[in-house]
Amino acid sequence: MVRRKKRKMKKRQVAASSNKNQKRHVAALILARGGSKGIPLKNIKPLAGVPLMGWVLRAAVDSEVFDRYVANIKKVAEAWGAQVHQRSSEVSRDSTSSLETIQEFLEYHNEVDIVCNIQATSPCLHPFDVREALKKITEDGYDSVFSVVRRHQFRWKEVDELSDEKTEAINLDPANRPRRQDWPGELCENGSFYFTTKDLIKTGQLQGGKSIYYEMLPEFSVDIDGDIDWPVAEQRVLRYGYPGKVVRLLFCNVSACLAEGINALSSNTRNTSAIHMLQEKQVEVILLTSSDDAVAQSLAAKLQKRTGCQVMEVGKKPLNDLQEVMKNKSLDWKHVAFMGFDQADEKLLKLAGLSAVPGDAPELASKAAKYICPLSRGSGAVWDFAEHILLQKPMAKPQNNKSC
């Protein structure tokens, strides 16, 4: 009997070692719909200026552990570089489970070995948590990993108020009620993410097999399930949400982003203050002017002197011009911010790690942008985006979390 157990244990160790050395295809899947019965268009509704689904997409992309990123809502998915998976009518019903949708996804993507089901309603997800949780499968040989948070809440049995039944404590002894600091609390699912191997999903399970939890800090466990949570979540996400890669360079299409054109930036104190604010934080700013803007030709020197920025003229296809700048500065797009306005800026808005348009931008540009300023051209949109860029500086870093 002992020998059998040892043989089984040895087989498991060999299998785990084999999986560890083998490269496995990992997919991040955000199962979000355009409609929501609780909050209309919740998954694409701006939370602190970023679509709700955009917060988790950014964390997934920057974790750099996924071979593909897939989401259901085209409008947001493409802006963050994710692929779009259209559910069939069979798995688009209100009663459809996440498991059914993931199983259908795997039917079309047989190359995927591990799926991470990320909830769009958990906007404080960080790349650090994603990376550490995945290691439990790729390095430690687990079949499923899910996120939890530690709660210190005493629970009581629910009873019918019209009956004579008395309530009872579920997880404490009222006669020996512990102090909070003396009680470890309980682990509860926070719904942030669920990692599962394809083999386990085929058996009809998302949690099972050799399973383990990954404990996240309470600060990063935000779940939006109603209107009342929205203003609270905005404050939380600004403080604890993942800020994205640090922006080192901002390209700003001045001719398009200001209602009065380049004249406004050269004469408006608030606009120039926004530029100086970024420069003080070591964010380089390059102002872009269109070759079609005749006024820009005469004011470029004045603008450069007033702002201390390089003023660069770009043609009808600005991407070619900016790529040359990026190459010379050895920069990747994930460290670059771009502010545009119209259809000509669409590609750049999608490429930049952080991008924005004024509130009155055309729909095509707004769909491509990762941030939509609440202010319009000429009303402080540049200032607003500058503040948003600075908010992306890391304000709270995840600590080493526990898993068990």
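Here, every reference points to the structure presented above.
The structure contained in this document is the topic of the report that follows. (Residues numbered from 1 in each chain as written. Predicted model: local features only at pLDDT ≥ 70, side-chain atom pairs only at ≥ 80, totals over all residues. Heavy atoms only, no water.)

### So, the overall build of the protein chain
Note the following rule: Strands here are runs of E lasting at least two residues and helices are runs of H or I lasting at least four, both read from the DSSP assignment and numbered beginning at the N terminus. Residue exposure (1.4 Å probe, protein chains only): buried if accessible area is under 20% of the type maximum, exposed if over 50%, otherwise partly exposed. The contact definition used throughout considers only heavy atoms, calling two residues in contact when any of these lie within 4.5 Å. Per-residue and other accessible areas were derived by the Shrake-Rupley procedure at a 1.4 Å probe size, with only the shown protein chains allowed to occlude residues.
On a plain count of helices and strands, the protein chain comes out with 15 helices and 15 strands. With 404 residues in all, the protein chain has 49% of them scored as buried. Expressed as a percentage of contacts within the protein chain between residues at least 6 apart in sequence, the contacts between residues at least 24 apart total 68%. For the protein chain, the exposed area adds up to about 20,800 Å²; of that, 48% sits on carbon and sulfur atoms.

### Let's talk about the packing of aromatic side chains
Definition in use: Only Phe, Tyr and Trp rings are paired, with Trp represented by its six-membered ring, and only when their centres lie within 6.5 Å; those with planes under 30 degrees apart are stacked, over 60 edge-to-face, the remainder tilted.
Applying the stated criterion to the full structure yields seven aromatic pairs. The interplanar angle of 70 degrees and the centroid separation of 5.7 Å between the aromatic rings of Phe-193 and Phe-195 together place this pair among those described as edge-to-face. The pair formed by Phe-193 and Phe-195 is uniform in burial state, with each residue classed as buried. With centroids separated by 6.2 Å and ring planes inclined at 40 degrees, the aromatic side chains of Phe-193 and Tyr-214 adopt a geometry described as tilted. Of this pair, Phe-193 sits in strand β8 (residues 186-197) while Tyr-214 sits in strand β9 (residues 211-216), placing them 21 residues apart in sequence.

### Details of the packing of helix α2 (residues 52-63) against helix α5 (residues 127-138)
What counts is decided by this rule: For helices, the fitted axis covers only the stretch in contact; all axes are lines through C-alpha atoms, and the angles between them, taken along N-to-C directions, range from 0 to 180 degrees. In what follows, roughly perpendicular refers to angles from 65 to 115 degrees, roughly parallel to angles under 35, roughly antiparallel to angles over 145, and oblique to any angle outside these ranges. The handedness criterion is simple: a crossing whose near helix is rotated anticlockwise from the far helix by less than a right angle is left-handed, and one whose near helix is rotated clockwise is right-handed.
Two elements in contact, α2 and α5, have axes whose closest approach is 8 Å; the angle formed by their N-to-C orientations is 55 degrees. In terms of orientation, α2 lies oblique with respect to α5. Classified by chirality, the crossing of α5 by α2 is right-handed. Between α2 and α5, the residues in contact are Ala-59, Asp-62 and Ser-63 and Pro-127, Val-130 and Arg-131, respectively.

### Remarks on the sheet that holds strand β7 (residues 144-151)
To keep it simple, the criterion reads: Strands were regarded as paired on the criterion that DSSP finds at least two bridges between them.
Taking strand neighbours across the sheet as the criterion, the seven strands line up as β5-β4-β1-β6-β8-β7-β9 in an open arrangement whose pairing is mixed. What marks the edges here is a single partner per strand, and that holds for β5 (83-84) and β9. Relative to β5, strand β4 (residues 68-71) runs parallel, the two being bridged by two bridges. Following the sheet pairing, Val-70 is matched in β5 by Gln-83. The strands touched by α2 within the sheet are β1 (26-30), β4 and β6 (114-118), with β1 carrying the most contacts at an inclination of about 170 degrees. Strand contacts of helix α4 (residues 98-108): β1, β4 and β6, with the helix running at about 140 degrees to β6, the strand carrying the most contacts.

### Considerations on the pairing of β6
Counting buried positions along β6 yields five of five residues, so the element is predominantly enclosed. Of the strand pairs in this sheet, β1 and β6 are connected by five bridges, and their pairing is parallel. Bridge pairing in β6 links Ile-30 to Ile-118. Sheet analysis places β6 next to β8, joined by five bridges and oriented antiparallel.

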